[in-house]
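Spelled out from the first residue to the last, the chains are:
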Amino acid sequence: MGTARPTLNFPGKLVLLAFAAFGLISCQSGNDGGEQKTGVAGFYDGRVVKWIIPYSPGGGYDEYGRMLAPYLEKYIGARVDILNLPGAGGMRGANDLFNAPNDGLTIGLINGSALVTNELAGIRGADYKIAEFEFLGRIVADRRVLVVAKSTGFKSFEEIWQAGNQVKIGATGLGGSTYVDAVIVNEAFDAGFDIIHGFDSSSIVKQSMLRGNIAGTWGSWGSALDAVDQGTDLVILQSGRQRMPDLADVPTAFEMAEKTSDPARAKAILTAWELLHAVGRPVALPPNVNPEKVRFLREAFREALHDPEMLAIAAKTLRPIDYATGEEVQQIVIDATSMPDDIEQLFVRAIKGQL
Amino acid sequence: MGIVEGMISGFLQAISLAVFPYLFVGALFGLVIGVIPGLSGHFAMAMIIPFLYAMEPGPGVAFLLGAHSTVAQGGGLTAILFSTPGTGQNAATLLDGPPMRNNGLGGMAAGAAMTSCFLGATFGAVVLALLLPVLQKVVLFFGPPEIFVLAFLALTFVAVLGKEDITKSLIAALAGLLLAMVGLDNVTNQERFTFGLLELRDGLQLVPVILGLFAVAEMFELWVKGGSLTGTQESSLSAKETQKQIFQGMIESLKRWWLVIRCSAVGTGMGLIPGLGSAPAAFVAYAHAKQTSKSKDTFGKGNIEGVIAPESANNAVEGGALASTVAFGVPGSSSMAIVLGALFVLGQETGPRMVTEHVDVVFIMIFTIIIGNFIGMVGGMFLVNPLTRVTGLRGTVLVPVLIAIVFTGAFAVERSWFDIGVALVFGVIGYLMKELDYSRAALLIGFVLGFAVEKNLYLALQLSGPYFIFDPIPLTLAVITIGFLGYNVWGIIQHHREVKKRAG
């Protein structure tokens, strides 16, 4: 069979060549007055790039996508169409992206940390290899914060740490990110907080905090901002090694790790946790795309994320941007997927809801 | 800004030249989206969001909510004229709308539906305005224990829906509860009833299930029986006759103002409860209308009250659903999550500060719902006539076209081919249920409330322990539920005795 293929492909190649020639001619005739685009830029000129968003319209991922799409269009030169493919906690979109044709016309926004943990845990449906994606870069890293309702009277992490199992921490589904954060921190600090999971969404968790049913919850800094601003919630712990500028008086989990009985182990757990957050929300191509195209799209992505107009909108709509290059994301993903065995087991148990 | 000042300012802005054109376009857009089966308010709003980046808050809010608020209006028309719910919240309208059409009263049903939709929306919006000073307390009233008992109460309304044969209704409702369990359980992380299919991991989606149960099943029936949707009618109504009927329908729903108010109250109340949605509200209102009606027997055979009740409830939900969004910036439903996201795009503060500092924007929302629905009502009336012509077409012509539209709607929600299969399978189930006289409404209520009952029971047990039911509010609600159930069981026993007596 193998020997028959080239001959079979031969007429196909001819047709392709004819099409390419025709395309070039029509491009040239269409571009008479304007600047001539050659190479990869010429390839993208006037094409349509499908951008897979793995969640429903209206969610945080979708909003990032719709905010960025016009600026990607600007620098790629192609039309960027958003394609919402929700399902299986972001895995449906990731699988579709992984199996998309590698012609460089399909890109996808992915939920980095969930994809890493699902792959490590071997969750059914994780049919991608995250390290094989061609990353264009990262829009934002996950900065997670622990918030408590002000009405609880707790003012610092030390206080709730002491209260231990008296403190109820709300979370959404078993194995979801709010849940994994809560159990991982429980483990690192040996805190014994009572984790109440099964809330339908993070908004229902917040409503329960307002009612005083639970004391606090984990979430992204972006989603916590509003309630903190209004003075109903208080951030008492943040992820990351350095404090964020807008949370300069809130300790990081790493600082707190010094106060545990076994700082080395706590830090080992938190390091792995941090790597997951660093993956954040990257944009990727399917594996094995032509390196020229990857280079071109990485550059366009970089420019789009540094466009002053886009940055102004992001600031106005309270959506943090934390760019990292495609190469950096590739390295972060490799690091995140090769954590020490015992730590990996811990995360697998967390994601499977066995902690 | 005081509330009265805010109200005046909000009203003046809503009718100003800067805002009103957007409101108008949005309302008509929502109406058309509603007419198309499967496309919902979500879809309408998601399409509008990209425009908001360049808009001022007032016009933006009016554009977005205008589109969202008329979707149910359009959906009601499709439900009545084509036996196909335009959106999920119109499913209850199918119980009496299409029978009225078959009796040659399609225009009247449409007029009544659109008028009650407008009245219900107005009621919900007014209640929201009245509650503004105490909004936060009202919203915090409902926690997992309360929602659990309330969902259970709504579930007991199933008993009323199928008084004729309670056994069959219970079978259908319990099957609905089982269907709600399909998918990954977020409490135990176990997959239930997924048969190894990844597509079923997130559970069955509401829209394809509703489209299958009602629309596809109806198509099957039309195909099997032949003829046209207007059934035995010689020809479809004349334009003049339709017009006359629409006005009759409007008058009929105005005459039944007390029913409209009660059903709107049901809708608004259920809108306040996070996560219940408008489909169950419409069914509960329908059940309430049937329960209190003097002519219970004609329900399901073309009683106009069976159209007025669900249509006034399904849009009254909006006012309630907006409450927690406005009060805390916490969305009470997935549509409201989109509204909240849009408010961010428009640079608006949400939560308590919105009520204290930007109360005019809240009132723009309120007036948008009212005015938008009015536009939807008037615009809808122009749609009735041309759509009525279509219902006179032969089934062999109409069925393929409608099936194509319905399947596109099922696909569009999540861009999933699998959902077309879901619609098809539920089409067969719905057809069989109709032929064998099982209540599809009971199945749907079980399906929709199954999530709420199960999740909230688990949370209530986690938060308050096994005795949560003895806390004052849940206990009161539980007593009402038991009382209601007892009253119905008693009614059924009486009914059976009478039947026996007559037979003997």
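Everything quoted here is computed from the prediction, not taken from an experiment.

Criteria and thresholds
Residues numbered from 1 in each chain as written. Chains lettered and ligands numbered in written order. Predicted model: local features only at pLDDT ≥ 70, side-chain atom pairs only at ≥ 80, totals over all residues. Pairing = 2+ DSSP bridges. Helix = DSSP H or I, 4+ residues; strand = E, 2+ residues; numbered from the N terminus. Contact = placed C-beta atoms within 7 Å. Axes fitted to C-alpha atoms, helices over the stretch in contact; angles between N-to-C directions. Buried ≥ 20, exposed ≤ 12 C-beta atoms within 10 Å, placed from the backbone. Domains from an automatic or database assignment. Nonpolar A, V, L, I, M, F, W, Y, C, P; charged D, E, K, R; others polar.

A.B. asks: I would appreciate a short explanation of the sheet that holds strand β10 (residues 281-285) of chain A in the present structure.
C.D. replies: Sheet strands line up and pair through hydrogen bonds in the backbone, either parallel or antiparallel. Residues and elements named next belong to chain A. Spatial strand order, β2-β1-β3-β10-β4-β11: six strands in an open sheet with mixed pairing. The open sheet has two edge strands, β2 (79-84) and β11 (324-325), and neither has a second partner. Along the sheet, helix α12 (residues 291-305) makes contact with β4 (134-140), β10 and β11, crossing β4 at roughly 10 degrees.

A.B. asks: Could you clarify how one ought to interpret the environment of A:Leu97 in this entry?
C.D. replies: Residue and element names in this part refer to chain A. Looking at the element boundaries, Leu97 is found in helix α4 (residues 91-98). Given 26 C-beta atoms within 10 Å, Leu97 falls into the buried group. In sequence terms Leu97 and Leu174 are 77 residues apart; their C-alpha atoms lie 26 Å from each other. Those residues in contact with Leu97, other than ones at most four positions away along the chain, are Ile52, Thr106, Gly108, Ala284 and Pro286.

A.B. asks: Would you take a moment to explain the domain arrangement of chain A for this structure?
C.D. replies: Quoted interface sizes are often the accessible area lost when the parts come together. All names here are of chain A. For chain A, the assigned domains are domain 1 (38-141 + 280-343) and domain 2 (144-276). Placing a centre on the C-alpha atoms of domain 1 and another on those of domain 2 gives a separation of 28 Å. With 13 residues of domain 1 at the interface, the matching set in domain 2 holds nine residues. At the level of secondary structure, the elements contributing two or more residues to the side of domain 1 that touches domain 2 comprise α5 (112-121) and α14 (326-337). With four residues, α5 is the single largest residue contributor to the side of domain 1 that touches domain 2. A per-class count over the side of domain 1 that touches domain 2 returns nine nonpolar, two polar and two charged.

A.B. asks: When you look at the interface of chain A and chain B in this model, what are you seeing that I'm missing?
C.D. replies: Each partner contributes residues to the interface: chain A has 34 residues there, and chain B has 38 residues. Sorting the residues of the side of chain A that touches chain B by element identifies α3 (60-76), α8 (202-211), α9 (221-230) and α13 (308-316) of chain A as the ones contributing at least two each. Per-element tally for the side of chain A that touches chain B: the top contributor is α8(A), with seven residues. Looking at the side of chain A that touches chain B residue by residue, the classes come out as 11 nonpolar, 15 polar and eight charged.

A.B. asks: Help me understand unusual backbone geometry in this model?
C.D. replies: Positive phi outside glycine occurs at A:Asp190, with the angle close to 50 degrees. With respect to the helices, strands and loops of the structure, A:Asp190 is situated in the loop between α7 (177-189) and β7 (194-196). Residue classification places A:Asp190 among the partly exposed positions, given that 13 C-beta atoms sit within 10 Å. If you check the backbone angles, B:Arg415 has positive phi at about 50 degrees while not being a glycine. Positionally, B:Arg415 belongs in the loop between α19 (395-414) and α20 (417-435). Judged by the 14 C-beta atoms lying within 10 Å of it, B:Arg415 falls in the partly exposed class.

A.B. asks: Looking at this model, I keep getting lost on the environment of A:Thr217. Mind explaining?
C.D. replies: Residues and elements named next belong to chain A. Looking at the element boundaries, Thr217 is found in strand β8 (residues 216-220). The class of Thr217 is buried, set by 29 C-beta atoms lying within 10 Å. Separated by 12 residues in the primary sequence, Thr217 and Asp229 have C-alpha atoms spaced 16 Å apart. Among all residues touching Thr217, those that are not within four sequence positions of it are Val147, Ile169, Gly170, Ala171, Thr178, Val205 and Met209.

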